[in-house]
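A closer look at the structure
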Amino acid sequence: MAQQEQERRLVTFRVKRYNPEGGERKRYTQEYKLEVMKGQSVLDCLNDIRWKQDGSLTFRRSCKSGICGSCAMTINGVNRLACETQVFALGASTITIEPLRGFTVIKDLAVDIDPMVEKIHAVRPYLITKSPPPSDAERLQSPEERARLDGLYECILCGSCTSSCPSFWADENYLGPHAFLKAYRFIADSRDEAPGEHFDALDDKHGLWRCHTIFNCVEACPKSLNPTKAIEALRRELVKEKIG
Ligand code: F3S
């Protein structure tokens, strides 16, 4: 019996909901109770609630493997991927779930990620080359040059970092750590031949200089990446670029 209790637990999920067509009851908190088994993630539980209790509960999910970034949300005050967050590991009998802060909510836990994607486009997130490609091979890198991209390319664009950043809360046009990390992934690439073209959007009042080195973005990243380090490196590169 005691073993069974260790394997199962009654958990209350307090979900911040938003219904744009809800009239006076647009924003409210709804509680759901669920018997959770050891090993279940928050996403498993949200699916259970949606399928068995309330089909109107809205949230994003796709890969269920921590790769697509779709299920980022604020769980007990911390931005996390719901699919990678084990309910038992939270150690609480009540779990509060909110949409990512700072983004416009479309419905319940689903936020509008279009502005986030536009900011990535602004930094031109691709290799820019000027020289003709080699005729007999791809553009090659040494192992050392490739290793410089570790910690930069793994971003899954979940938005957890930008959503946790006070500079973003104060300025919705702030590019945000996700865009900085993406820009540095290409500026640091030995095959890129036009760093200045990535810098256009970064050297702006909504760009690099608005970061106050608060580090929330580092704590929030579910992939343990370090946008603040990328921001510092970008500032050094930008100064070098400016003074020629
Ligand atoms: Fe924001 Fe991260 Fe800078 S939290 S202020 S982008 S160090």
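Residues numbered from 1 in each chain as written. Predicted model: local features only at pLDDT ≥ 70, side-chain atom pairs only at ≥ 80, totals over all residues. Heavy atoms only, no water.

What follows is about the overall build of the chain. A tally of regular secondary structure across the chain gives eleven helices and seven strands. C-alpha extents for the chain along the principal axes are approximately 70 × 45 × 30 Å. Counting over 244 residues, the chain shows a buried share of 44%. Long-range pairs, those at least 24 residues apart, make up 64% of the contacts in the chain between residues at least 6 apart in sequence. Total accessible area on the chain stands at roughly 13,000 Å², and carbon and sulfur atoms take up 48% of it. Averaging the positions of the 35 positive and the 34 negative side-chain charges in the chain gives two centres separated by 4 Å. (Helix = DSSP H or I, 4+ residues; strand = E, 2+ residues; numbered from the N terminus. Buried < 20%, exposed > 50% of the residue type's maximum accessible area, 1.4 Å probe, protein only. Contact = heavy atoms within 4.5 Å. Areas by Shrake-Rupley, 256 points an atom, 1.4 Å probe, with all protein chains shown as cover. Lys, Arg positive; Asp, Glu negative; His and termini not counted. Charge placed at Lys NZ, Arg CZ, Asp CG, Glu CD.)

What follows is about the pattern of salt bridges. Applying the stated criterion across every chain yields a total of 19 salt bridges. Where glutamate 193 meets arginine 139, a salt bridge forms, and the shortest distance between an N and an O atom there is 3.9 Å. Of the two residues, glutamate 193 sits in the loop between helix H8 (177-187) and helix H9 (195-202) while arginine 139 sits in the loop between helix H4 (114-122) and helix H5 (143-147), which places them 54 residues apart along the sequence. Glutamate 193 gets classed as partly exposed once you look at its relative accessible area, which sits at 35%. Two residues, aspartate 203 and lysine 242, come together in a salt bridge whose shortest N-O distance is 2.9 Å. A residue pair is termed long-range when its members are at least 10 positions apart, and aspartate 203 in the loop between H9 and helix H10 (216-220) and lysine 242 in helix H11 (residues 227-242) qualify at 39 residues. By relative accessible area, which is 31% here, aspartate 203 ends up partly exposed. Connected through shared salt-bridge partners, Arg17, Asp54, Lys107 and Asp108 make up one network. (Salt bridge = Lys/Arg side-chain N within 4 Å of Asp/Glu carboxyl O.)

With respect to the element layout, glutamate 144 can be found in helix H5. Of the residues examined, glutamate 144 reaches a relative accessible area of 55% and is grouped as exposed. Separated by 46 residues in sequence, glutamate 144 and serine 190 place their C-alpha atoms 10.0 Å apart.

Here lysine 64, not a glycine, exhibits a phi torsion of approximately 65 degrees, which is positive. Summarising the element assignment, lysine 64 is placed in the loop between helix H2 (42-52) and strand S3 (72-75). Phi angles above zero are rare outside glycine, and phenylalanine 215 is one such case at about 75 degrees. Tracing the backbone through its elements, the reader meets phenylalanine 215 in the loop between H9 and H10.

As a further point, take the site of the ligand. Within the structure, the ligand sits among 13 residues, and Cys165, Cys211, His212, Phe215 and Cys217 are positioned closest to it. Broken down by secondary-structure element, the contributors of at least two residues to the shell around the ligand are H10 and H11. Across the shell around the ligand, the residue classes tally to eight nonpolar, five polar and no charged. (Near = heavy atom within 4 Å. Nonpolar A, V, L, I, M, F, W, Y, C, P; charged D, E, K, R; others polar.)

Turning to the packing of H9 against H11, a few remarks are in order. Where H9 contacts H11, the axes come no closer than 11 Å and their chain directions differ by 110 degrees. Of the possible angle classes, the one that applies to H9 and H11 is roughly perpendicular. Taken as a pair, H9 and H11 cross one another with a handedness that is left-handed. Counting all contacts with H9, which are made through Pro195, Gly196, Phe199 and Leu202, the residues of H11 involved are Leu234, Glu237, Leu238 and Glu241. Here the residues of the contact of H9 with H11 are counted per class, giving five nonpolar, one polar and two charged. (Axes fitted to C-alpha atoms, helices over the stretch in contact; angles between N-to-C directions. Parallel < 35°, antiparallel > 145°, perpendicular 65-115°, else oblique. Left-handed = near helix turned anticlockwise from the far one by under 90°.)

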